[in-house]
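# Reading the structure
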Amino acid sequence: MSEISVIEHIHSMQHRWSPQATGQFTSLMHDLVLSAKIISRSVAKAGLVDILGGTGDVNIQGEAVQKLDEFANDVMIYRMIKSGAICALGSEEAEDPIFVPKETAGNYIIFFDPLDGSSNIDVNVSIGTIFSIYRVTEGEYFNQDDLLRRGSEQVAAGYFLYGPSTMMVYSTGHGVHAFTLDPSVGEFLLSHPDLTIPDAGKYYSANLGNYSKWNDNDKKAMDIFNNDDNYSLRYVGSLVADFHRTLIYGGLFAYPADNKNKDGKLRLVYEAAPLAFLIEQAGGQAFDGDGMRILDKAPKHLHARTAFLFGSKAEVAKYRAAFK
Ligand code: AHM
Ligand code: MG
């Protein structure tokens, strides 16, 4: 059996689609993969070392910072800057982006949610790291506003899922490919080439505890699934895990806006845009609460939130039909 590591895969994709590439992107991905291996190692030992629980701080999102959140954030920032491939980065855990000094800057911008699913850290439920990569031409970015790009401009996006196995799922705009970390060799090996989402699925996913706070259209849309015996409910509460199940099995995920989170809860730049990039590459769809394609949305600021609906074409259409 031929075993392909993620870095070999990235090399071969570059050779095929961007033969002029200088290697900076591969170097960025190499350090990203290394960051995830380091985070994965700590996640796996979470109960054995003093890394469970909160730090006592509250982040920019107003949420309690977990020790693992902070650790993952530090690892990502350190490794990404060290890669020499980025000119700026933004983290869901940090208020402001970091700009790399010109002398050591590369041509890429990376945004990440270092550890998504924080509420699941202490209970050994799947969590993950989400990343989103943009390219700049030299001298193109000057300040924070120049970082506010539409998701459709991403050159790559993906996530690492720290579950029963650790996986990496990524796309550079040429399909979606998934790798599983083989701990015995310490490499992510290609396990799911050219992933596509089924056109229809039997699971739907939402925090139904928010039902009373939704507007009438979202209630009506969700009732289609609540009242149809062909659908089963699944909700992990870690976006990466809910996304991964939806990608593999098909179906629907929805986190609508509600009267508490008027713009939705999930973050456009750090969560929705990269996952929308992947789901479209896999043949699915992703919209906000007004039926706007997530990838067409221009973020007003780096921590902007959005309603987020994605999944198989059939279930997304059913949900959207309730709005007509
Ligand atoms: P986080 O990035 O701080 O972990 O928050 C995002 C998480 C997502 O993983 C998940 O989809 C959502 O928040 C769950 O929200 P809720 O607990 O309101 O259902
Ligand atoms: Mg998150």
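Above this note sits the structure.
A brief report on the enclosed structure follows. Keep in mind the model is a prediction, meaning the values are calculated, not measured. (Residues numbered from 1 in each chain as written. Chains lettered and ligands numbered in written order. Predicted model: local features only at pLDDT ≥ 70, side-chain atom pairs only at ≥ 80, totals over all residues. Heavy atoms only, no water.)

### What about the site of ligand 1?
Around ligand 1 sit 16 residues in total, of which Gly117, Asn207, Tyr235, Leu239 and Tyr255 are the nearest. Tyrosine 235 has a polar side-chain atom sitting 2.5 Å from an oxygen atom of ligand 1. Within the complex, 87% of the 470 Å² of free accessible area of ligand 1 lies under protein. Listed by contribution, the elements that provide at least two residues to the shell around ligand 1 are β5 (108–116) and β14 (266–267). Residue composition of the shell around ligand 1, grouped by class: four nonpolar, five polar and seven charged. Each of domain 1 (6–194) and domain 2 (203–321) contributes no fewer than three residues to the shell around ligand 1. (Near = heavy atom within 4 Å. Polar contact = N/O pair within 3.5 Å; in protein donor to acceptor, adjacent residues only side chain to side chain. Areas by Shrake-Rupley, 256 points an atom, 1.4 Å probe, with all protein chains shown as cover. Helix = DSSP H or I, 4+ residues; strand = E, 2+ residues; numbered from the N terminus. Nonpolar A, V, L, I, M, F, W, Y, C, P; charged D, E, K, R; others polar. Domains from an automatic or database assignment.)

### Quick look at the packing of helix α1 (residues 6–17) against helix α2 (residues 24–44)
The contact between α1 and α2 brings their axes to 10 Å, and the two run at 160°. On the basis of their axis angle, the class for α1 and α2 is roughly antiparallel. As for the relative orientation of α1 and α2, their crossing is right-handed in sense. Residue-level inspection shows Val6, Ile7, Ile10, His11 and Gln14 of α1 in contact with α2, the latter providing Phe25, Thr26, Met29, His30 and Val33. A class-by-class count of the residues in the contact of α1 with α2 yields six nonpolar, four polar and no charged. (Axes fitted to C-alpha atoms, helices over the stretch in contact; angles between N-to-C directions. Parallel < 35°, antiparallel > 145°, perpendicular 65-115°, else oblique. Left-handed = near helix turned anticlockwise from the far one by under 90°. Contact = heavy atoms within 4.5 Å.)

### Points about the nonpolar core
Membership of the largest hydrophobic core comes to 40 residues, with the highest contact counts inside it found for Ile133 and Met168. With nine residues, the single largest contributor to this core is α2. Apart from residues no more than four positions distant in its own chain, methionine 168 is found in contact with Val6, Met29, Val33, Phe131, Tyr159, Phe160, His177, Ala178, Phe179 and Phe188. Within the second largest apolar cluster, 31 residues are counted, among which are Ala157, Met167, Val169 and Ala272. (Core = buried A, V, L, I, M, F, W, Y, C linked by side-chain atoms within 4.5 Å. Buried < 20%, exposed > 50% of the residue type's maximum accessible area, 1.4 Å probe, protein only.)

### What to know about helix α3 (residues 67–82)
Taking 1.5 Å per residue as the helical rise, α3 with its 16 residues ought to reach 22 Å, and the 23 Å between its terminal C-alpha atoms agrees with that figure. Buried within α3 are the following residues: Leu68, Asp69, Ala72, Asn73, Val75, Met76, Ile77, Arg79 and Met80. Buried residues belonging to α3 abut α2, β2 (64–66), β3 (86–91), β4 (98–99), β5 and β6 (127–135). (Expected span 1.5 Å × (residues − 1).)

### Looking at the packing of aromatic side chains
Following the criterion strictly, the structure yields 16 aromatic pairs and no others. For the ring pair tyrosine 203 and tyrosine 249, a centre distance of 5.7 Å and an interplane angle of 50° mean the geometry is tilted. With tyrosine 203 in strand β11 (residues 203–205) and tyrosine 249 in helix α5 (residues 239–249), the pair connects residues that are 46 residues apart, well separated along the chain. Where tyrosine 235 meets phenylalanine 253, the ring centres are 6.4 Å apart and the plane angle is 20°; that geometry is what we call stacked. Separated by 18 residues along the polypeptide, tyrosine 235 in the loop between β12 (232–233) and α5 and phenylalanine 253 in strand β13 (residues 252–255) bring together distant segments of the chain. Residue tyrosine 235 is classed as partly exposed on the basis of its relative accessible area of 33%. Taken together, the aromatic side chains of Tyr159, Tyr235, Phe243, Phe253, Phe308 and Phe310 make up a single cluster linked through ring pairs. Geometry around phenylalanine 323 places arginine 320 over its ring, the cationic atom sitting 4.5 Å from the centre. (Phe/Tyr/Trp six-rings, centres within 6.5 Å; stacked < 30°, edge-to-face > 60°. Lys NZ or Arg CZ within 6 Å of the ring centre and 35° of its normal.)

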